[in-house]
Amino acid sequence: MKDQSSNPCCHFSASAMLCLAYFACSSHAFVVTGAQNKPVSNLVDTTKIGSLDVPTVGVGTISWSSKSLFSLENEELEDLVAAAYRSNAAFFDTAERYGSHLKTAIGLGYGETERLTNKLLQRATLTEGPARVKPVVASKFTPLPWRTSAQSVVDACEESRRNLGVESIDLYQIHMPDIVQPFRAFGRVESKDSIYWDGLAECYHRGIVKNVGVCNYGPTLVEKCHEALAKRGVPLASNQIAFSLIGRQNGSQETVDKCNELGVKCLAYYPFAMGLLTGKYSREIWGKAKDVSINESLTTQKKTSLELLDLQRYAQGDGITVPEGGIAPLLNVMLVIAEKREKTLAQVALNYIISKGVIPIPGCRTSAQLEDNLGAMGWRLTSEEIAMLEFEADKLPNFDGAGFKRTNEKFVGYGIEKWVLD
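### A short note on the overall build of the chain
- Secondary structure assignment for the chain yields 14 helices and 14 strands.
- With 422 residues in all, the chain has 58% of them scored as buried.
- Split by element, the accessible area of the chain, about 17,500 Å² in all, is 55% carbon and sulfur.

Shown next, in the form of structure tokens:
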């Protein structure tokens, strides 16, 4: 299948009641049998990124690391990769700078997740046999002040290629615009974005990458990049941004629209809005939802007190920045859809993104999380369901992260740098 009341915390919203009425008279919602709670080897639901056929849900690896300081071993991740491989869902999104915080702190983290991904995929290939959907691995180049030439992109790409154990990387992306400008306070800003684009083109022409992409580019920058690469005969395949049901404002939807116009595939990180869209922070629905805690990364992942404060404020509402009742009215609509389709809230959240033509890249650390994510594949929300979801979502402020984890800024050592999707 290719590219488908007074107390809102305790009562269904008007949209939820409309949704119930809709389903009462509708019979065309469908479920792919067996797709929701276990890997299904015969389910193939793919889309295109440039020359690649990829699953409609990816696997984010930012939280991956070895459980050993001196070797690359993680049994949970090994099970995850094997399950993804045999389920036609082996699309892994990594980056050169991904690795354990400890190793990164002592200078050993760069490339760790790339090497771990390589090792685990090799094992899966040996144990699982041929895959119907070829595994795809995407990695990223990190803009840094001392990376000042196109050759720096080529050199980093070569290192990532060795880490991944491939002749040519499936998809090589620039991790973010060149926002790290340590002399900005002194009025000196020297953007190297166009230099990095030249580096991507050089990688492409040398054959060490099959497709190139960018991340966190807004409509203006993505169009400039698309034009610059086209002049060198290189297609821009993808743009990865923060995008979710409650993260469509602040330029995100406009970016998706521009990418669609240019033929650039959008990928979405933060598809669950840091767990808000799974109901984790909304106690009033815990007894209603099918599997609020199935995605263990949302129930075991450590959050700082500042992050928890922001997430709980959004979930419950403060009557100032977030309406009273918070996200509960939206979750109630999602719950109606989920129950009708025999899906989880998380699966509805992911399928919304898929139905918008975007590939969600949820972080994933265990095979149980993967199994739940796979339940978002093989079906599509109807236009009526999408409208109901967006009606409630549009009453909420745009979700741009929590604590110091933001979708439009990054702590870079000397301070915080920001970008906008404009």
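### Quick word on a nonpolar patch on the surface
- The grouping of Leu-306, Leu-309, Phe-404, Phe-411 and Ile-416 at the surface amounts to a nonpolar patch, some 560 Å² of accessible area in total.
- Along the chain, the position of Leu-309 falls in helix 10 (residues 305-316).

### A closer look at the layout of surface pockets
- Estimated volume of the second largest pocket: approximately 290 Å³.
- Looking at the second largest pocket, it is lined by 15 residues, and the ones nearest its centre are Leu-121, Pro-135, Val-137, Val-166 and Asp-170.
- Mapped by element, the contributors of at least two residues to the lining of the second largest pocket are helix 4 (112-128) and strand 5 (136-141).
- Broken down by element, the lining of the second largest pocket gets its largest block of residues, five residues, from helix 4.
- Grouping the constituent residues of the lining of the second largest pocket by class yields seven nonpolar, five polar and three charged.

### Concerning the side chain of Lys-265
- When you line up the elements, Lys-265 lands in strand 9 (residues 265-269).
- For Lys-265, a relative accessible area of 12% gives the class buried.
- At a separation of 3.0 Å, a polar atom in the side chain of Lys-265 contacts the main-chain carbonyl oxygen of Gly-357.

### A look at the packing of aromatic side chains
- This model, assessed by the stated rule, comprises five aromatic pairs.
- A centroid spacing of 5.0 Å and a plane angle of 65 degrees characterise the contact between Phe-141 and Tyr-196, whose relative ring orientation is edge-to-face. In this pair, Phe-141 sits in strand 5 while Tyr-196 sits in helix 6 (residues 193-206), placing the two residues 55 residues apart along the sequence. Side by side, Phe-141 and Tyr-196 carry an identical accessibility label, which is buried.
- Plain terms: the ring middles of Tyr-269 and Tyr-270 are 5.5 Å apart, the flat faces sit at 65 degrees to each other, and that makes the pair edge-to-face.
- Taking the relative accessible area as the measure of exposure, Tyr-269 reaches 18% and is therefore buried.
- Between the NZ or CZ atom of Arg-188 and the centre of the ring of Phe-183, over which it lies, the distance is 5.5 Å.

### Things to note about the nonpolar core
- Counting 96 residues, the largest nonpolar core has Phe-92, Ile-246, Leu-276, Leu-330, Met-334 and Leu-389 as the members making the most contacts within it.
- With eight residues, the top contributor of residues to this core is helix 12 (residues 345-355).
- Other than its neighbours up to four places away in sequence, Leu-276 contacts Ile-246, Tyr-281, Leu-311, Tyr-314, Ala-315, Ile-327, Leu-331 and Phe-399.

### Details of the sheet that holds strand 8 (residues 236-242)
- With respect to topology, eight strands assemble into an open sheet ordered 3-4-5-6-7-8-9-10, the strand pairing being parallel. Across the chains shown, the open sheet's two edge strands, defined by having one partner strand only, are strand 3 (59-60) and strand 10 (359-360).
- Of the pairings in the sheet, the one linking strand 8 to strand 9 comprises five bridges and is parallel in character. Among the inter-strand pairings, Gln-240 is bridged to a residue of strand 9, identified as Leu-267.
- The strands touched by helix 7 (residues 219-231) within the sheet are strand 7 (212-215) and strand 8, with strand 8 carrying the most contacts at an inclination of about 160 degrees.

Reading guide: rules and limits
- Note on numbering: residues in each chain are counted from 1, in written sequence order.
- In keeping with the predicted nature of the model, local features appear solely for residues at pLDDT of at least 70, side-chain atom pairs appear and are counted solely at 80 or more, and the whole-chain, interface and lining totals rest on all residues.
- For side-chain calculations, the full set of non-hydrogen atoms in the structure is used, while hydrogens and water are omitted.
- To qualify as a helix, a DSSP run of H or I must reach at least 4 residues; to qualify as a strand, a run of E must reach at least 2; elements of each kind are numbered from the N terminus.
- Note on exposure labels: buried denotes an accessible area under 20% of the residue type's maximum, exposed denotes more than 50%, and partly exposed covers the range between, all computed with a 1.4 Å probe on protein chains only.
- For accessible areas, the Shrake-Rupley method is used with a probe of radius 1.4 Å. Any residue's cover is judged against the shown protein chains and nothing else.
- Patch criteria: residues need more than 30% relative accessible area and no salt bridge. Like-charged residues are merged within 9 Å; nonpolar side chains of Val, Leu, Ile, Met, Phe, Trp and Tyr are merged within 5 Å.
- Every case where a carboxyl oxygen of Asp or Glu lies within 4 Å of a side-chain nitrogen of Lys or Arg is listed as a salt bridge.
- Here a cavity denotes a set of grid points, spaced 1 Å apart and computed over the protein atoms alone, in which a 1.4 Å probe fits but from which it cannot get out, and a pocket denotes an open set meeting protein on both sides within 12 Å along at least five of seven lines; residues with an atom within 4 Å of a point are reported as lining.
- Grid points are joined across faces, edges and corners, and a volume is the space filled by probe spheres set on the points.
- Under the grouping applied here, Gly and all other residues not named as nonpolar or charged are polar, the nonpolar ones being Ala, Val, Leu, Ile, Met, Phe, Trp, Tyr, Cys and Pro and the charged ones Asp, Glu, Lys and Arg.
- As used in this structure description, the phrase polar contact means that two N or O atoms lie within 3.5 Å; if the pair is within protein, one of them must be able to donate a hydrogen and the other to accept it, and residues adjacent in sequence are counted only when both atoms belong to side chains.
- The pairing test for Phe, Tyr and Trp rings, Trp by its six-membered ring, is centres within 6.5 Å, and the orientation test on the planes gives stacked under 30 degrees, edge-to-face over 60, and tilted for anything in between.
- To sit over a ring, a charge needs its Lys NZ or Arg CZ within 6 Å of the ring centre and within 35 degrees of the ring normal.
- To form a nonpolar core, buried Ala, Val, Leu, Ile, Met, Phe, Trp, Tyr and Cys residues must be joined to one another through side-chain atoms within 4.5 Å.
- Between two residues, a contact is recorded if the distance between any of their heavy atoms is within 4.5 Å.
- Strand pairing is defined by DSSP finding a minimum of two bridges between the two strands.
- Axis lines are fitted through C-alpha atoms, for helices just across the contact stretch, and the angle between N-to-C directions can take any value from 0 to 180 degrees.

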